[in-house]
Amino acid sequence: MMEKTLVILKPCTLQRGLVGEIINRFERKGLRLAGMKMVQLTDEVLSEHYAHLSSKPFFQRVKDAMMVCPVIVCCFEGVPDAVQVVRTLTGPTNGRLAAPGTIRGDYSMSFQENIVHASDSPETAEVELKRFFKPDEIFEYKQAVFGSLYANDEILKEKPKKRMILKCVKVVAAAAFALVSLNVSGQDLLARQAPIDR
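Keep in mind that this is a model prediction, so the values were computed, not measured. (Residues numbered from 1 in each chain as written. Predicted model: local features only at pLDDT ≥ 70, side-chain atom pairs only at ≥ 80, totals over all residues. Heavy atoms only, no water.)

Sheet strands line up and pair through hydrogen bonds in the backbone, either parallel or antiparallel. Taken in spatial order, the four strands make up an open sheet running E2-E3-E1-E4, and their pairing is antiparallel. The two strands at the open ends of the sheet, each matched to only one other strand, are strand E2 (32-39) and strand E4 (116-118). The mean inter-strand angle of the sheet, taken between neighbouring strand axes irrespective of direction, is 20°. Across three bridges, strand E1 (residues 3-9) lies against E4 in antiparallel orientation. In the sheet register, Leu9 faces E4, and the bridge partner there is Val116. (Pairing = 2+ DSSP bridges. Helix = DSSP H or I, 4+ residues; strand = E, 2+ residues; numbered from the N terminus. Axes fitted to C-alpha atoms, helices over the stretch in contact; angles between N-to-C directions.)

At their nearest, the axes of helix H2 (residues 19-29) and helix H5 (residues 82-90) sit 11 Å apart, and the two run at 130° to each other. Accordingly, the angle class assigned to the pair H2 and H5 is oblique. Note on packing geometry: the crossing formed by H2 with H5 is right-handed. Contacts between H2 and H5 involve Arg25, Phe26 and Lys29 from the first element and Val85, Val86, Leu89 and Thr90 from the second. (Parallel < 35°, antiparallel > 145°, perpendicular 65-115°, else oblique. Left-handed = near helix turned anticlockwise from the far one by under 90°. Contact = heavy atoms within 4.5 Å.)

Let's shift gears to the pattern of salt bridges. Where side chains of opposite charge bring their charged atoms close, a pairing between them can arise. Across all of its chains, the model carries nine salt bridges by this definition. The partner of Glu140 in a salt bridge is Lys4, and the shortest N-O contact between them spans 2.9 Å. Taken together, the positions of Glu140 in the loop between helix H7 (122-132) and helix H8 (146-149) and Lys4 in strand E1 put the pair 136 residues apart, joining distant regions of the chain. When its relative accessible area of 24% is taken as the criterion, Lys4 is described as partly exposed. Put simply, Lys63 and Asp43 hold a salt bridge, and the shortest N to O gap is 3.3 Å. Pair noted here: Lys63 is in helix H4 (residues 59-65) and Asp43 is in helix H3 (residues 43-49), with a separation of 20 residues, a long-range link. Each of Lys4, Arg32, Glu77 and Glu140 takes part in salt bridges that share partners, so that together they form one network. (Salt bridge = Lys/Arg side-chain N within 4 Å of Asp/Glu carboxyl O. Buried < 20%, exposed > 50% of the residue type's maximum accessible area, 1.4 Å probe, protein only.)

Let us now look at the confidence of the model for the chain. In the predicted model, the chain carries a mean pLDDT of 86, and the fraction of residues at 70 or more is 78%. Here residues 161-166 is modelled with pLDDT under 50, and outside its nearest four sequence neighbours on either side it reaches four contacts, counting other chains as well. Segment residues 194-198 is flagged for pLDDT under 50; beyond a separation of four residues in sequence, or across chains, it makes zero contacts in the model. (pLDDT = per-residue confidence, 0-100.)

For the rest of this paragraph, the subject is the packing of aromatic side chains. Enumeration over the complete set of coordinates arrives at three aromatic pairs. Here the aromatic rings of Phe26 and Phe76 are separated by 5.0 Å at their centres, their planes lie at 40°, and the arrangement is tilted. Of this pair, Phe26 sits in helix H2 while Phe76 sits in strand E3 (residues 71-78), placing them 50 residues apart in sequence. An identical accessibility class is assigned to Phe26 and Phe76; each is buried. Between the NZ or CZ atom of Arg32 and the centre of the ring of Tyr141, over which it lies, the distance is 4.2 Å. (Phe/Tyr/Trp six-rings, centres within 6.5 Å; stacked < 30°, edge-to-face > 60°. Lys NZ or Arg CZ within 6 Å of the ring centre and 35° of its normal.)

So, about the nonpolar core. Core analysis: the largest hydrophobic core is formed by 20 residues, its most contacted members being Val7, Ile22, Phe26, Phe76 and Ile115. Those elements that provide at least two residues to this core are E1, H2, E3, H5, helix H6 (103-107) and E4. Apart from the residues within four sequence positions on either side, Val7 is in contact with Phe26, Ile72, Val73, Cys74, Phe76, Val86, Val116 and His117. The next biggest cluster of nonpolar side chains, apart from the first, holds 16 residues, and it includes Leu53, Phe59, Val71 and Leu129. (Core = buried A, V, L, I, M, F, W, Y, C linked by side-chain atoms within 4.5 Å.)

What follows concerns the pairing of E3. On a regular strand, each side chain points to the face opposite its neighbour's, so the side chains alternate between the two faces of the sheet. Among the eight residues that make up E3, eight are buried, leaving the element largely enclosed by the rest of the structure. Neither face of E3 is open: one carries Val71, Val73, Cys75 and Glu77, the other Ile72, Cys74, Phe76 and Gly78, and all of them are buried. With seven bridges joining them, E1 and E3 adopt antiparallel strand pairing. Bridge pairing in E3 places Thr5 opposite Phe76. Relative to E3, E2 runs antiparallel, the two sharing seven bridges. Within the sheet, the bridge partner assigned to Met38 lies in E3 and is Ile72.

The structure is reproduced here in structure tokens:
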């Protein structure tokens, strides 16, 4: 089960010629690039994207900074926790507080000009990816090195709880279907059981 997330390389990244270097950081980690394009963002799109900042005094400044030049929007993919992996690689919002080794820790001295935007949860990633990509702009393909990135059970496994629930639902559904087929009620079935010695 793979998880997708959105990364936006901000205008400061393009202006400083860091696009290849930043994308390389995510790829070296083992994330798969599933979609990428250059876009010129508009005030309307940014008002929606940064709606959670609309009451802040720096709201317009942030939007203006994102319109200085085009940005690169990317969809990266990995096994569950890809969103968190990207957030960890990126580092905290304020580049001055980001640890060396993170993208912002290595390339940013700013709260605003902090190299990338990254989705903060799987739910947010789903909404943001739909905002910036059409379905046919995100590609499914298998990397030649895929088997060297993950163990077999990491690639194939669903979350254990979900898998167990699905199995139980299937068993109950099969049992109900069998009872209906035999025209046997639940009470009849209990009555037919041998008495239990106490």
